[in-house]
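Structure assessment
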Amino acid sequence: MKTLLRREVASRISGLTLVCAMFWSCSTANRIYTEHDIVYSTARFELKYHVRDRDRRSPLYFFTQSIVKEINQGNDVSYNAYDVLSLSGSSFRMDEKVILVIDNKAYPMNVNRMELENVRSISENTADILTADSTSVSVITGYSENNRKITRFRYNIPATVMGIIKESDQIFLRYYSGPSMLTVKPKKNSIKKIKELIDIT
């Protein structure tokens, strides 16, 4: 009986591992995509990565950053960042500030655009009850409401700052929301990909 139970548990774990592996292999995060923009005659390289905040005291749920590198016909290089922060519904409005902290030195970014969005979703709460003939029926017992605030930033990262990132050991981003100081720390693999993006010519 114990052997059968162990096999069943092992089978479920391996199945779950396979599903997770398939999910990550299909993910568009931590990959550099290359396109040619015929309108502006530029080569475009886009990197997107995600960070999930594990700090329960922080209003930040989820962070996504896309960095677009463009090289024009004169070999001029520009970097534009697009940050999306998902915060709790009770959080304060974010300050219009983005600060890159590289090896403990702060580099304030010049924000070109900031967008705010409130997202509200309602889900049903259900419970199974037994009827007189012992069949199970699912009934709605109430509703749950989930509110989130989405903040989007667009800004240019100077090539000089990207050069500093290339030689750095530590990078994080800093934002402010009322009394909350939000710190986003990209994972090592994401930092590695950012450095790969810088090296592309």
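Up top you'll find the structure we're talking about.
The structure reproduced in this document is the subject of the present report. (Residues numbered from 1 in each chain as written. Predicted model: local features only at pLDDT ≥ 70, side-chain atom pairs only at ≥ 80, totals over all residues. Heavy atoms only, no water.)

Some words on the sheet that holds strand 5 (residues 99-102)
Across the sheet, 4 strands lie side by side as 6-5-9-10; this open sheet has antiparallel pairing. A strand with exactly one partner marks an edge of an open sheet, and here the two such strands are strand 6 (105-108) and strand 10 (180-184). Shown here is a sheet whose adjacent strand axes are inclined to one another by a mean of 30 degrees, direction ignored. Pairing analysis gives 4 bridges linking strand 5 to strand 9 (residues 171-177), with the strands arranged antiparallel. In the strand pairing of strand 9, isoleucine 99 is matched with arginine 174. (Pairing = 2+ DSSP bridges. Helix = DSSP H or I, 4+ residues; strand = E, 2+ residues; numbered from the N terminus. Axes fitted to C-alpha atoms, helices over the stretch in contact; angles between N-to-C directions.)

A few points about a nonpolar patch on the surface
A surface patch of nonpolar side chains, amounting to about 420 Å² of accessible area, comprises Ile38, Val39 and Tyr40. For valine 39, the position within the fold is in the loop between strand 1 (31-37) and strand 2 (42-52). (Patch = residues over 30% accessible without salt bridge, like charges linked within 9 Å, V, L, I, M, F, W, Y side chains within 5 Å. Areas by Shrake-Rupley, 256 points an atom, 1.4 Å probe, with all protein chains shown as cover. Salt bridge = Lys/Arg side-chain N within 4 Å of Asp/Glu carboxyl O.)

Description of the packing of aromatic side chains
Overall, the coordinates contain 3 aromatic pairs when judged by the stated rule. Aromatic pair tyrosine 49 and phenylalanine 63: ring centres 6.2 Å apart, planes at 55 degrees, arrangement tilted. A residue pair is termed long-range when its members are at least 10 positions apart, and tyrosine 49 in strand 2 and phenylalanine 63 in strand 3 (residues 60-71) qualify at 14 residues. Tyrosine 49 gets classed as buried once you look at its relative accessible area, which sits at 1%. Centroid distance phenylalanine 63 to tyrosine 175: 6.1 Å. Interplanar angle 50 degrees. Geometry classified as tilted. Placement of the pair is phenylalanine 63 in strand 3 and tyrosine 175 in strand 9, with a sequence separation of 112 residues. (Phe/Tyr/Trp six-rings, centres within 6.5 Å; stacked < 30°, edge-to-face > 60°. Buried < 20%, exposed > 50% of the residue type's maximum accessible area, 1.4 Å probe, protein only.)

Just distances and angles here, no functional claims.
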